[in-house]
Amino acid sequence: MSPSATPPTTPARLRELLARVPETGPVILPGAYDGLSARLVEAAGFDAVYMTGFGSTATLLGKPDVGLLSGSEMADNARRLASAVGIPLVADADTGYGNAVNVARTVAEYERAGVAGIQLEDQVSPKKCGHMAGKAIVPAAEMVGKLHAAVDARRDPDLVLIARTDAIAVDGVDAAIERARAYLAAGADALFVEAPTSEADVERIAGELAGEAPLVFNWVEGGRTPPIDVGTIGKLGFAMVLFPIGALLAATAGMRNYLAELSARGTVTKTELPTFEEFTDLVGLPEIREQERRYAAGDQAG
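Notes on the structure follow. Just so it is clear, the structure is predicted and the values come from calculations on it, not from any experiment. (Residues numbered from 1 in each chain as written. Predicted model: local features only at pLDDT ≥ 70, side-chain atom pairs only at ≥ 80, totals over all residues. Heavy atoms only, no water.)

1. Notes on the overall build of the protein chain
Summing up its helical and strand segments, the protein chain has 14 helices and eight strands in all. Taking 2.2 N^0.38 as the reference for a compact globule, 302 residues should give roughly 19 Å; the C-alpha atoms of the protein chain span a radius of gyration of 21 Å, in line with that estimate. Its C-alpha atoms put the protein chain at 65 × 60 × 40 Å along the principal axes. When burial is assessed residue by residue, the protein chain has 44% of its 302 residues classed as buried. Accessible surface computed for the protein chain: about 14,400 Å², of which carbon and sulfur atoms make up 56%. In the protein chain, the 27 positive side-chain charges and the 40 negative ones have mean positions that sit 4 Å from each other. (Helix = DSSP H or I, 4+ residues; strand = E, 2+ residues; numbered from the N terminus. Rg over C-alpha atoms; globule rule 2.2 N^0.38 Å. Buried < 20%, exposed > 50% of the residue type's maximum accessible area, 1.4 Å probe, protein only. Areas by Shrake-Rupley, 256 points an atom, 1.4 Å probe, with all protein chains shown as cover. Lys, Arg positive; Asp, Glu negative; His and termini not counted. Charge placed at Lys NZ, Arg CZ, Asp CG, Glu CD.)

2. Section: helix H3 (residues 35-43)
Those residues of H3 that fall on the buried side of the exposure criterion are Ser37, Ala38 and Val41. Summarising the axial view, the buried residues of H3 lie within an arc of 100°, below the 170-degree limit, and thus occupy one face. Looking at the buried residues of H3, the elements they touch are strand S1 (27-32), strand S2 (49-51) and helix H5 (71-84). Among the residues trailing H3, glycine 45 stands out with phi positive, at a value near 100°. (Arc of directions from axis to C-beta. Contact = heavy atoms within 4.5 Å.)

3. Notes on the sheet that holds strand S7 (residues 215-218)
Spatial strand order, S1-S2-S3-S4-S5-S6-S7-S8: eight strands in a closed barrel with parallel pairing. Mean inter-strand twist for the sheet, computed between neighbouring axes without regard to direction, equals 25°. Two elements, strand S6 (residues 190-193) and S7, share two bridges in a ladder whose sense is parallel. Residue phenylalanine 192 lies in a different strand from S7, and its bridge partner there is valine 216. (Pairing = 2+ DSSP bridges. Axes fitted to C-alpha atoms, helices over the stretch in contact; angles between N-to-C directions.)

4. What about the packing of helix H6 (residues 100-113) against helix H7 (residues 140-153)?
Describing two packed helices takes the angle between their axes plus the distance from one axis to the other. Running from N to C, H6 and H7 cross one another at 40°; their axes reach a closest spacing of 8 Å. Note on packing geometry: the crossing formed by H6 with H7 is right-handed. Note on element contacts: H7 touches H6 through Gly145, Lys146, Ala149, Ala150 and Ala153, opposite Ala100, Val103, Ala104, Val107 and Glu111. Within the contact of H6 with H7, the residues separate by chemical class into seven nonpolar, one polar and two charged. (Left-handed = near helix turned anticlockwise from the far one by under 90°. Nonpolar A, V, L, I, M, F, W, Y, C, P; charged D, E, K, R; others polar.)

5. Overview of a nonpolar patch on the surface
Together, Leu36, Leu40, Phe279 and Val283 line one region of the surface with nonpolar side chains, adding up to about 300 Å² of accessible area. Looking at where valine 283 falls in the secondary structure, it is placed in the loop between helix H13 (276-282) and helix H14 (285-294). In this structure valine 283 comes out as partly exposed when scored by relative accessible area, which is 37%. (Patch = residues over 30% accessible without salt bridge, like charges linked within 9 Å, V, L, I, M, F, W, Y side chains within 5 Å. Salt bridge = Lys/Arg side-chain N within 4 Å of Asp/Glu carboxyl O.)

6. Points about the packing of aromatic side chains
What the rule picks out here adds up to two aromatic pairs. Between phenylalanine 217 and phenylalanine 238, the aromatic rings sit 5.4 Å apart at their centres with planes inclined by 80°, giving edge-to-face as the arrangement. Taken together, the residues span a long stretch of sequence, with phenylalanine 217 in strand S7 and phenylalanine 238 in the loop between helix H11 (230-236) and strand S8 (240-243) at a distance of 21 residues. Taken as a pair, phenylalanine 217 and phenylalanine 238 share a single burial class, namely buried. For the pair tryptophan 219 and phenylalanine 243, a centre-to-centre distance of 5.3 Å together with 20° between the ring planes defines the contact as stacked. (Phe/Tyr/Trp six-rings, centres within 6.5 Å; stacked < 30°, edge-to-face > 60°.)

In structure tokens:
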């Protein structure tokens, strides 16, 4: 294959999606937490997928998102998701798992895992889910240093660095906007002001920052930010909309219903399930069968 025919990397594809936002509307990133959920996102026709730290912690540990997973565990999970799909993966990297030196290693590990974008936040470690109470943030200068380290560690210049601030819960909207601008100046490619609690605050954040960098909106079912339809979010100027936990909640509801019916009746007839063949098709059995056929003895040219 000639260099001109080489397909773009997933970071380059993510940047292409962001460049088209004025014409196509914001990029929708449903949350995934393992290879199967990532494949389901891709099969549903979405252009990109988000690795949720909330969902990763819940499914890997059965615990809440309070900073329990290590950077290595999160990078390994990102690698599994990235290898399961062909669409760009944006991955939660929490606080970077330490100081600026740790952030540099985190970026290198996530980049080797195959992600298209990395989200770093300014919470004190151990962090908490952005929609939980009791958050604390590091000094802005410390986060700026982490972002400088992230930029220097990046090998693919297309890798999208997303800087998240949780300052609203601690110091208010003004401080969050000020921090976001400082993070942009430090080299962030996109800005994520977490957990505004009113539509007025959402509008203000967009009005202040949308012209300066791509903005991320976090659509958390039952979270602190009011539910706003995607059309309105796009008109306000947000470039990416995360739906980080919806698939996890849906999967939990489905498994709970299945297990309740099995426990009560000893069999399952009411809960709707995919057929065995539908599921094996989803996870790629036809492709495996084709590989088996292609590489079978006597099926290769001499």
